[in-house]
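Overview (structure and organization)
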Amino acid sequence: MMKTLQLTLLASVAATPLFAQETREMDAHVHGVSTLELAIEDGMLELSLLSPGMDIVGFEYEANSDADKDAVEAAIRALLVPENVVTLPDAADCRLTEVLAHLHSDDHAHEDADDHMHEGEGEDHDHDQHAEEAGHDDHAEGENHAEGAEHDHEEGARHSEFHASYSFSCAHPEDLTIIGLPFFDTFENAQEIEAQYVTDAGAGTAEIRRDAPDLTLN
C-alpha cells in the first residue's frame, strides 16, 4: 500500500497491485473535469484516470444507437493506447506492462466494455479485446437535472464515466519528473484534470488544464 493515497485501479492479475481498489461515488461530477491518480514505487508507475462520459464521447446516456455504440468503442480503443493519454520522459525508460479501459454507468452493475492487456500478451500495444454484457436495472424514478458545469444527480439520474488504468515498469523512475498529458488533444471536450500523486519524494495534488497539459512531480 502506498502511504496514504488509495487509487481506484483494476489491479493486474499478473503483478502485485500497488493500491487497494476504492469505490468512487458518482453522485456529483463536473463536466470537463477528469481525475488522475498516480503513484511511483519500486520502479513501477501506476496511473488511474476517471473521466465523465460527456468529456469523452459527448453524452452520458446509455449508448443505444449504432452511432453512440461506435463512439463508445472508439473512445475505449483510444484510451487503450497510452500515448493518447500520457507521455513519459524517454530518460525514465518505461515499459508498459498493463493497460485497461472500460465504461461504467449507473445503468450497469459492472463494465459495459472491458479491454485490457497484460505483459507478454502482445507487442506494440496489441490488445486483447472482449465485451461483457452487464445486467440492466430499470430506473422508475428518473428525474431531470439542471444543465450546467456542475451537476448534483438526483436518484434515478443517469451518467457514465470512463475509467482507464496504466502500469509501467521504469528502469529510471527518478527521471519521471514531468508527465505530459496529450489526453486533452485526444478528447476535445476535456478541460481539466484534478491529479493526486505519490512518489518517493512525497505526495501532492495539481490541477492540469488544457492550456498547460503537464504534470510536474515534486
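Scroll up to find the structure.
Residues numbered from 1 in each chain as written. Predicted model: local features only at pLDDT ≥ 70, side-chain atom pairs only at ≥ 80, totals over all residues. Heavy atoms only, no water.

1. A look at the overall build of the protein chain
Within the protein chain one finds 3 helices and 12 strands. Counting all 218 residues of the protein chain, 46% fall into the buried class. Total accessible area on the protein chain is roughly 11200 Å²; 44% of this is exposed by carbon and sulfur atoms. (Helix = DSSP H or I, 4+ residues; strand = E, 2+ residues; numbered from the N terminus. Buried < 20%, exposed > 50% of the residue type's maximum accessible area, 1.4 Å probe, protein only. Areas by Shrake-Rupley, 256 points an atom, 1.4 Å probe, with all protein chains shown as cover.)

2. Some details on the state of the cysteines
Summed over all chains, the structure comprises 1 disulfide. Here Cys94 is linked by a disulfide to Cys170, with a sulfur-sulfur distance of 2.0 Å. Between Cys94 and Cys170, the S-S dihedral sits near 110°, and the bridge is therefore right-handed. One end of the pair, Cys94, is in strand S4 (residues 94-105); the other, Cys170, is in strand S8 (residues 160-170), with 76 residues separating them in the sequence. Look at Cys170 and you get buried, because its relative accessible area is 7%. (Disulfide = S-S within 2.5 Å.)

3. A word on the pairing of strand S2 (residues 33-41)
In terms of residue burial, S2 counts as a mostly covered element, since 7 of its 9 residues are buried. Across 7 bridges, S2 lies against strand S10 (residues 192-199) in parallel orientation. Residue pairing for S10: Ala39 is matched across the bridge by Val198. Alignment of S2 against strand S3 (residues 44-52), held across 7 bridges, turns out to be antiparallel. When the bridges of S3 are listed, Ile40 appears paired with Leu45. (Pairing = 2+ DSSP bridges.)

4. Observations regarding the nonpolar core
Counting 41 residues, the largest nonpolar core has Leu38, Leu45, Leu79, Phe162, Phe168, Phe183 and Leu215 as its most contacted members. Contact partners of Leu215, with chain neighbours within four places excluded, come to Leu36, Leu38, Thr177, Ile178, Ile179, Ala195, Tyr197, Ala206 and Ile208. (Core = buried A, V, L, I, M, F, W, Y, C linked by side-chain atoms within 4.5 Å. Contact = heavy atoms within 4.5 Å.)

5. Topic: the pattern of salt bridges
Two side chains that carry opposite charge are able to pair once their charged atoms sit near each other. Scanning all chains against the criterion turns up 2 salt bridges. With its nearest N and O atoms 3.3 Å apart, the salt bridge here joins Glu207 to Arg209. Each of the salt bridges in this network shares a partner with another, and the network as a whole consists of Glu192, Glu207 and Arg209. (Salt bridge = Lys/Arg side-chain N within 4 Å of Asp/Glu carboxyl O.)

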